Amino acid sequence: MTPITYRSIDVNGLKVFYRESGHPEAPKLLLLHGYPSASFTYTFDSLTDVLDGFTGAVGFDRFALYVFDYGAPTGFRLAVRRPERITAIITQNGNAYEEGLSDGWNPIRAYWKEPIQANRDAIRTLLQPETTVWQYTHGVPDPSLVSPDGYTLDNHYLARPGADEIQLDLFLDYATNIDLYPAFQDYFRTHQPPLLAIWGRNDPFFLPAGAEAFTRDIPAAEVQLLDTGHFALETHAAEIAMAIRKFLARQQL
């Protein structure tokens, strides 16, 4: 097994931590996580600026993208900004279509429409420890397969002073991603990147219709639906890894 190294690099004055594996000359795959926990201006434009600077700093001039949750609009923004760099996209419950948004977004939509304190406070329940556990386990046929490590670590970070306000700021700014869906879709149609949408079909936030919608703009896109929830890697890491390996091999990447 190829060893994993743990590194940090300066990006415009920010210390960015990352993991790296594989031969430097091999085709590159950038894996974007879904939950930010660093310290800079919390907007999706800012996240994309850091990501853009990071890929330049580590010498990623051509690479495939793996995106999930918050990593999807960030990665898609980067793809719109730097289409020449993207060789392929794997999206795991990473949405770019209105029909992919479930009714679970309704309280957040109310906050977008009227960003008053009452609506901000109404969605604080999304940041409670029991909600984090629910996000990991909802839609999973056998919750005993979900390691407590992930949601325990998330809850640790969410318990830091001010972390809740940061996440509420990002909930508000998420509306800008919906506004950019037409731009993302135009990128898909224009550049036709090879795309694999591999999705937990029981996700309470991003519906299977969002996975299927990619084929509207990229007819050759591949869609695989798994019997699990939002955090599909928790239960289907081996299946997803094999699907990615086969998908990238077909692209000769």
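Before reading further, recall that the structure is shown in the block above.
What this report covers is the structure whose coordinates are included nearby. (Residues numbered from 1 in each chain as written. Predicted model: local features only at pLDDT ≥ 70, side-chain atom pairs only at ≥ 80, totals over all residues. Heavy atoms only, no water.)

A word on the overall build of the chain
No. 1: What the chain contains, in helices and strands, is 10 helices and 7 strands.
No. 2: Here the chain has a C-alpha radius of gyration of 18 Å; the compact-globule value for 253 residues is 18 Å, and the two agree.
No. 3: C-alpha extents for the chain along the principal axes are approximately 50 × 40 × 40 Å.
No. 4: With 253 residues in all, the chain has 47% of them scored as buried.
No. 5: Contacts in the chain between residues at least 24 apart in sequence constitute 73% of all its contacts with a sequence separation of at least 6.
No. 6: Total accessible area computed for the chain in this model is approximately 12500 Å², and 55% of it derives from carbon and sulfur atoms.
No. 7: In the chain, which carries 20 positive and 31 negative side-chain charges, the distance between the mean positions of the two groups comes to 6 Å. (Helix = DSSP H or I, 4+ residues; strand = E, 2+ residues; numbered from the N terminus. Rg over C-alpha atoms; globule rule 2.2 N^0.38 Å. Buried < 20%, exposed > 50% of the residue type's maximum accessible area, 1.4 Å probe, protein only. Contact = heavy atoms within 4.5 Å. Areas by Shrake-Rupley, 256 points an atom, 1.4 Å probe, with all protein chains shown as cover. Lys, Arg positive; Asp, Glu negative; His and termini not counted. Charge placed at Lys NZ, Arg CZ, Asp CG, Glu CD.)

A closer look at the side chain of Q135
No. 1: Looking at the element boundaries, Q135 is found in helix α5 (residues 129–137).
No. 2: When near neighbours in sequence (up to four residues on either side) are disregarded, Q135 contacts L126, F205, H230 and F231.

Details of the sheet that holds strand β6 (residues 195–200)
No. 1: With parallel pairing, 5 strands are arranged side by side in an open sheet as β3-β4-β5-β6-β7. On the outer flanks of this sheet lie β3 (29–31) and β7 (222–226), each paired with one strand and no other. Averaged over all neighbouring strand pairs, the angle between strand axes comes to 15 degrees, with direction disregarded. (Pairing = 2+ DSSP bridges. Axes fitted to C-alpha atoms, helices over the stretch in contact; angles between N-to-C directions.)

Let's talk about the environment of N106
No. 1: Checked against the element boundaries, N106 lands in helix α3 (residues 106–113).
No. 2: Here the alpha-carbon distance between N106 and V67, two residues 39 residues apart in the chain, equals 23 Å.

Re helix α6 (residues 148–158)
No. 1: Listing the buried residues of α6 in full gives G150, Y151, D154, N155 and L158. Along α6, the residues classed as buried sweep out an arc of 125 degrees about the axis, all on the same side.
No. 2: Its buried side turned inward, α6 meets α5 and α7 (163–173).
No. 3: Between the side-chain oxygen of the N-cap and the backbone nitrogen of D149 there are 3.1 Å, and the N-cap of α6 in question is S147. (Arc of directions from axis to C-beta. Polar contact = N/O pair within 3.5 Å; in protein donor to acceptor, adjacent residues only side chain to side chain.)

Considering the packing of helix α2 (residues 71–81) against helix α8 (residues 175–191)
No. 1: One way to put it is that α2 packs onto α8 with a least axis distance of 10 Å and a crossing angle of 50 degrees. Relative to α8, the element α2 is oriented oblique. Regarding α2 and α8, the two cross each other, and that crossing is left-handed. Between α2 and α8, the contacting residues are P73, F76, R77, A79 and V80 on the first element and T176, N177, L180, A183, F184, Y187 and F188 on the second. (Parallel < 35°, antiparallel > 145°, perpendicular 65-115°, else oblique. Left-handed = near helix turned anticlockwise from the far one by under 90°.)

Some points on the nonpolar core
No. 1: The biggest cluster of nonpolar side chains holds 55 residues, and the ones touching the most others in it are F76, F171, Y174, F188 and F214.
No. 2: Among the elements that make up this core, the one with the highest residue count is α8 (6 residues).
No. 3: With sequence-adjacent residues up to four places away left out, Y174 is seen in contact with F44, Y70, P73, W105, W112, Y181 and F206.
No. 4: Formed by 19 residues, the second largest nonpolar core is a distinct cluster that contains F68, I90, A243 and I244. (Core = buried A, V, L, I, M, F, W, Y, C linked by side-chain atoms within 4.5 Å.)

Points about the packing of α3 against α7
No. 1: Running from N to C, α3 and α7 point in directions that differ by 80 degrees, and their axes come no closer than 9 Å. One finds that α3 runs roughly perpendicular with respect to α7. Contacts between α3 and α7 involve I108, Y111 and W112 from the former and L168, F171 and L172 from the latter.
No. 2: For the contact of α3 with α7, the per-class residue count stands at 6 nonpolar, no polar and no charged. (Nonpolar A, V, L, I, M, F, W, Y, C, P; charged D, E, K, R; others polar.)

A look at unusual backbone geometry
No. 1: Despite not being glycine, N12 shows a phi value in the positive range, around 50 degrees.
No. 2: As for its placement among the helices and strands, N12 is situated in the loop between β1 (4–11) and β2 (14–21).
No. 3: One non-glycine residue, N93, adopts positive backbone phi at about 50 degrees.
No. 4: Within the element layout of this structure, N93 appears in the loop between β5 (86–92) and α3.
No. 5: According to the relative accessible area criterion, N93 is buried, its value standing at 0%.

Considering the pairing of β5
No. 1: With 7 of its 7 residues buried, β5 lies for the most part within the structure.
No. 2: In the sheet, strand β4 (residues 63–68) pairs with β5 via 6 bridges, with the strands oriented parallel. By the bridge assignment, A64 is partnered in β5 with A88.
No. 3: The parallel pair β4 and β5, bridged by α2, forms a crossover whose chirality is right-handed.
No. 4: Sheet topology places β5 next to β6; 3 bridges connect them, and they run parallel. (Right-handed = clockwise from strand over helix to strand, strands pointing away.)

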